[in-house]
Amino acid sequence: MLSDMEQICHKIIKKEGRRCAEEIQQLQDAFPPFCFTLSAHLQSEEELIPPLLRDNFTEAEHEVILMKLQKREGLSGLRLFLPSILTAMNVWAKPEFVESIQRKIPAPIRYLVNDYYVPDYQNVVVLMRDAPKLTTEPTLNKVKCCKISFCFSCLL
């Protein structure tokens with residue numbers, strides 16, 4: 001399924017986006033079954049993984065892993081992956097769990113995540129992700145810089 005969609009995208013790229021209405025229609029037709037399959041897969045992961053984590057890691061060990069991840073990825077890495085994780089958690093996880101994860105994010109980073117990274121994700125990335133199923137061209141609204149002089153994410 002994904003390889004078929006990838007081949008269609010390569011055709012569009014080869015045509016430089018010109019005269020590719022048929023390919024775009026093929027993508028639009030392929031998108032709903034892909035989303036259904038992906039959602040089912042993600043739901044099964046969300047049902048399987050949390051009990052495994054609870055059974056095999058203490059909360060303290062889990063927090064150490066989260067801190068290592070934050071440190072390794074830095075702000076630019078967090079900007080790329082954290083909004084999608086939090087958005088998915090809002091769909092699949094209990095609100096109390098989402099709040100507990102949010103509370104563990106250091107306040108300055110939580111500010112960037114909630115006020116800049118997540119809105120950027122929702123206003124730009126989600127629209128680009130959903131483009132094959134949209135009937136009109138989306139308007140992408142990037143959130144302006146947070147104005148913190150040392151914020152590398154705003155510089156990138």
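Bear in mind that the values here come from a model prediction, so they are computed numbers and not experimental data.

**Structural notes on the pattern of salt bridges**
Line of reasoning, step 1. Tallied over the entire structure, the rule returns five salt bridges.
Line of reasoning, step 2. The shortest N-O distance in the salt bridge between Glu16 and Arg18 comes to 2.7 Å.
Line of reasoning, step 3. Its relative accessible area of 60% is what places Glu16 among the exposed residues.

**Things to note about the nonpolar core**
Line of reasoning, step 1. Leu82, Leu86, Met89, Ile109, Val113 and Tyr117 are the most contacted members of the largest nonpolar core, which has 13 residues in total.
Line of reasoning, step 2. Elements with a minimum of two residues in this core: helix 3 (59-92), helix 4 (95-104) and helix 5 (107-129).
Line of reasoning, step 3. Counting residues per element, this core draws most heavily on helix 5, at six residues.
Line of reasoning, step 4. Here Ile109 is in contact with Gln70, Leu75 and Leu78, once residues within four sequence places are set aside.
Line of reasoning, step 5. Membership of the second largest hydrophobic core comes to seven residues, among which are Ile12, Cys20, Leu27 and Phe34.

So, how was this worked out
- Counting restarts for each chain: residues are numbered from 1 in the order of the written sequence.
- Note on the predicted model: pLDDT of at least 70 is required for a residue's local features to be given, and 80 or more for side-chain atom pairs to be given and counted; whole-chain, interface and lining totals, by contrast, use all residues.
- With hydrogens and water set aside, each side-chain value is computed from the structure's full complement of heavy atoms.
- Basic side-chain nitrogens of Lys or Arg form a salt bridge, by our definition, when they fall within 4 Å of a carboxyl oxygen of Asp or Glu.
- Only protein chains enter the calculation, and the probe is 1.4 Å; a residue is then buried if its accessible area is under 20% of its type maximum, exposed if over 50%, and partly exposed in between.
- Among buried residues, the Ala, Val, Leu, Ile, Met, Phe, Trp, Tyr and Cys ones that are joined through side-chain atoms within 4.5 Å form a nonpolar core.
- For helices the rule is a DSSP run of H or I covering at least 4 residues; for strands it is a run of E covering at least 2, with both sets numbered from the N terminus onward.
- Every residue pair with non-hydrogen atoms within 4.5 Å of one another is taken to be in contact.

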